[in-house]
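Listed below are the residues making up each chain.
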Amino acid sequence: MSKKIDERIPREAGRGALPDYPAIKTPWDRLISYHETVHFCTRLGAIMGAGYLEALRILVPDYEKRCEVMCKLKYQEMYAIFSSPMGPKIGPEKLHVHPFCAGNFTGSLNGDSGDERYLMPGRVQDFGTHRVEKELDECPWEICGSEICRATTSSLQGVMDGYQAHLKKGPRVELNMVEAKACGDRHCRIVGEDRQKFPMPERPMWDCFGPIATYDMVKDTEEAYCVSESMIFREESDYRYTSGTCFEEGPETALGGCARATAVMYVIPALKQFISDGTVTEEFTLHVLRCVFEAMGKAAFADAYTKAGLKNWMAVPEGINDGRLMGGYIETVLSALLIPYEVEAFNSSEVIYLIDRDKLLNRQPEAIVVQPYLALWNGQVKTLLNAQWAVWEEGEGAPAEKLRLKIAKKIDKFC
């Protein structure tokens, strides 16, 4: 085997000769626009989140137990961040909370800006001291499952309560996601109510799908008036998100957010907790993750039209049906996720990458992140090419800060 890189036009070729165009590039010179990349990245995060959640469902069959831990951990994490000394800088000050505002409802500004950044467009239907309501028309994470809906609601509750830790005044609203697209509803709808003004029986944090006291105040938007793109990608809003308090963001904020904040981040903490408290072992957790993600990978390109579609999308030349095809797809994924990599070999016999380990891990445990990626890609190459091909980590001689990923033919009698 030769670590040869076949001729390919460098990614930086022609820089400065033409106006810059925000895009990522496949090995075959096909540009994927920023807009398309953000959508690809967001859906990829949802797919990974769905895989992790399915693994958690196998490991911990009890729905309530899963939700209780997921919701508690995300609430605690977000409350710790937004109640900390840096909380005002990333919360009330950044989002222009008015001095006269009182109550944790102000934290819903964080949720609204995040929704638009993560391609979950909709509208604020109510924003007041005693009640808030937000309606979403699209949610790329809808394929994940209802546990994620509950955890995101608890996460935002942590943000809002963190705001109030600094404001130190006004009532607290309790959030409920009374509609969720993951559950089959037309919209996602989150409603916060001041329990002093709108009393309801107490419920555990994970049980945040309602009922609520103010159903008669819900404002439902007809489908004809719904939107499919965030404000940052709509002409009518001048391609900018603008909040009711005049906080603004442009489309340039979307990719970084979508690449690093995904549905996965709501599941991994729970996996860590269940390993830590002895509910499951790390060994069995990694085994289940490998099985789930390898099966997901094999399903991805099981039908011939999916392979043809991928080749067309990446502008792959006729005749390339080897590891370079899988490598090109992995390069596209890494580029969309803003993960730096180096090409060590790229030819018909083998493809080898050195991938920035820290960026890939995104502050999460190594085995719980690396195992699913390797399993997913190894499953994908089986149907994108055939079972002679494999994807694996080749650690010998690799720098500690890099993950050496190899794509080549491999015989494995225990695969």
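Our subject is the structure listed above.
Model, not experiment: these values are computed from the prediction.

1. Topic: the sheet that holds strand β3 (residues 122–127)
As a general point, the strands of a sheet are linked pairwise by backbone hydrogen bonds and lie either parallel or antiparallel.
In step 1: Strand order in the open sheet formed by four strands is β3-β4-β6-β5, and the pairing between neighbours is antiparallel. Every other strand in the sheet has two partners, leaving β3 and β5 (173–179) as the edge strands with one partner each. The mean inter-strand angle of the sheet, taken between neighbouring strand axes irrespective of direction, is 15°.
In step 2: One ladder, built from five bridges, connects β3 with strand β4 (residues 131–136); its direction is antiparallel.

2. What about the layout of surface pockets?
One simple way to see leftover space: roll a probe sized like a water molecule over the atoms.
In step 1: By volume, the second largest pocket amounts to about 520 Å³.
In step 2: The wall of the second largest pocket is formed by 22 residues, among which Arg-11, Arg-15, Tyr-21, Ala-23 and Leu-31 lie closest to the centre.
In step 3: In terms of residue count, strand β1 (residues 23–25) provides more of the lining of the second largest pocket than any other element does, three residues in total.
In step 4: In terms of residue class, the lining of the second largest pocket is made up of 13 nonpolar, three polar and six charged.

3. Topic: empty space enclosed by the protein
In step 1: Counted according to the given criterion, the structure contains two cavities of 30 Å³ or more.
In step 2: Approximately 220 Å³ is the volume found for the largest cavity.
In step 3: As for the largest cavity, its lining consists of 18 residues, of which Ala-259, Thr-262, Met-265, Leu-360 and Tyr-373 are closest to the centre.
In step 4: Space inside the second largest cavity adds up to approximately 30 Å³.
In step 5: Lining the second largest cavity we find Thr-42, Gly-45, Ala-46, Tyr-118, Trp-141, Cys-258, Ala-261 and Thr-262.
In step 6: Ranked by the residues each element gives to the lining of the second largest cavity, the list is headed by helix α1 (residues 34–59), at three residues.
In step 7: In terms of residue class, the lining of the second largest cavity is made up of five nonpolar, three polar and no charged.

4. Quick notes on the side chain of Thr-42
In step 1: Position of Thr-42 among the secondary structure elements: in helix α1.
In step 2: With a relative accessible area of 3%, Thr-42 lands in the buried category.
In step 3: There is a polar contact of 2.8 Å between the side chain of Thr-42 and the backbone oxygen of Val-38.

5. Some remarks on the packing of helix α8 (residues 282–300) against helix α12 (residues 366–384)
The axes of two packed helices give the description: the angle between them and the distance between them.
In step 1: Where α8 meets α12, the closest approach of the two axes is 7 Å, and the angle between their N-to-C directions is 30°. Here α8 lies roughly parallel to α12, going by the angle between them. Handedness of the α8/α12 crossing: right-handed. Across from Glu-282, Leu-286, Leu-289, Arg-290, Phe-293, Glu-294, Met-296, Gly-297, Lys-298 and Ala-300 in α8, the residues of α12 making contact are Ala-367, Ile-368, Gln-371, Pro-372, Ala-375, Leu-376, Asn-378, Gly-379, Gln-380, Lys-382 and Thr-383.
In step 2: Of the residues belonging to the contact of α8 with α12, the class tally is ten nonpolar, six polar and five charged.

6. Some words on the pattern of salt bridges
In step 1: Within the structure shown, the criterion is met by 37 salt bridges.
In step 2: Where Arg-57 meets Glu-147, a salt bridge forms, and the shortest distance between an N and an O atom there is 2.7 Å. In this pair, Arg-57 is assigned in helix α1 and Glu-147 in helix α5 (residues 146–167), connecting sequence segments 90 residues apart.
In step 3: According to the relative accessible area criterion, Arg-57 is partly exposed, its value standing at 27%.

7. Here's the deal with the sheet that holds strand β12 (residues 402–409)
In step 1: Taken in spatial order, the four strands line up as β9-β10-β12-β11 in an open sheet, and their pairing is antiparallel. In the strand order of this sheet, the two ends are held by β9 (341–346) and β11 (389–393), each with one partner. Mean inter-strand twist for the sheet, computed between neighbouring axes without regard to direction, equals 15°.
In step 2: In this structure, strand β10 (residues 350–356) lies alongside β12, joined through seven bridges in antiparallel fashion. Looking across to β12, one finds that Leu-354 is bridged to Arg-404.

8. Topic: helix α4 (residues 108–117)
In step 1: The buried count for α4 comes to ten of ten residues, which makes it a mostly enclosed element.
In step 2: Ser-108, Leu-109, Asn-110, Gly-111, Asp-112, Ser-113, Gly-114, Asp-115, Glu-116 and Arg-117 are the residues of α4 that are buried.
In step 3: At the exit of α4 stands Leu-119, carrying a positive phi of roughly 65°.

9. A short note on the state of the cysteines
In step 1: All told, the structure shown has zero disulfides when counted by the stated rule.
In step 2: There is no disulfide at Cys-139, and the cysteine sulfur nearest it, in Cys-188, is 4.8 Å away.
In step 3: Unpaired in terms of disulfides, Cys-183 finds its nearest cysteine sulfur in Cys-149, a separation of 5.1 Å.
In step 4: Residue class for Cys-183 comes out partly exposed when judged on its relative accessible area of 45%.

10. Observations regarding the nonpolar core
In step 1: Grouped together as the largest cluster of nonpolar side chains are 106 residues, with contacts concentrated most on Tyr-52 and Trp-377.
In step 2: Among the elements that line this core, the one with the most residues is α1, at 13 residues.
In step 3: Leave out the neighbours within four places in its chain, and Tyr-52 touches Val-264, Val-267, Ile-268, Leu-271, Leu-289, Phe-293, Ile-368, Val-369 and Pro-372.

11. Remarks on the packing of aromatic side chains
In step 1: Under the counting rule described, the total for this entry stands at 13 aromatic pairs.
In step 2: Between the aromatic rings of Trp-141 and Tyr-266, the centroid separation amounts to 5.9 Å while the plane-to-plane angle is 65°, which identifies the pairing as edge-to-face. Remark: Tyr-266 occurs in the loop between α6 (254–260) and α7 (268–276) and Trp-141 occurs in the loop between β4 and α5; sequence separation between them is 125 residues. The two residues Trp-141 and Tyr-266 agree in class, both being buried.
In step 3: Over the ring of Trp-392 we find Lys-410, and its NZ or CZ is 4.3 Å from the ring centre.

Cut-off values and rules
- Residues numbered from 1 in each chain as written.
- Predicted model: local features only at pLDDT ≥ 70, side-chain atom pairs only at ≥ 80, totals over all residues.
- Heavy atoms only, no water.
- Pairing = 2+ DSSP bridges.
- Helix = DSSP H or I, 4+ residues; strand = E, 2+ residues; numbered from the N terminus.
- Axes fitted to C-alpha atoms, helices over the stretch in contact; angles between N-to-C directions.
- 1 Å grid on protein atoms, 1.4 Å probe; cavity = no way out; pocket = protein on both sides within 12 Å on 5 of 7 lines; lining within 4 Å.
- Points joined across faces, edges and corners; volume = space filled by probe spheres on them.
- Nonpolar A, V, L, I, M, F, W, Y, C, P; charged D, E, K, R; others polar.
- Buried < 20%, exposed > 50% of the residue type's maximum accessible area, 1.4 Å probe, protein only.
- Polar contact = N/O pair within 3.5 Å; in protein donor to acceptor, adjacent residues only side chain to side chain.
- Parallel < 35°, antiparallel > 145°, perpendicular 65-115°, else oblique.
- Left-handed = near helix turned anticlockwise from the far one by under 90°.
- Contact = heavy atoms within 4.5 Å.
- Salt bridge = Lys/Arg side-chain N within 4 Å of Asp/Glu carboxyl O.
- Disulfide = S-S within 2.5 Å.
- Core = buried A, V, L, I, M, F, W, Y, C linked by side-chain atoms within 4.5 Å.
- Phe/Tyr/Trp six-rings, centres within 6.5 Å; stacked < 30°, edge-to-face > 60°.
- Lys NZ or Arg CZ within 6 Å of the ring centre and 35° of its normal.

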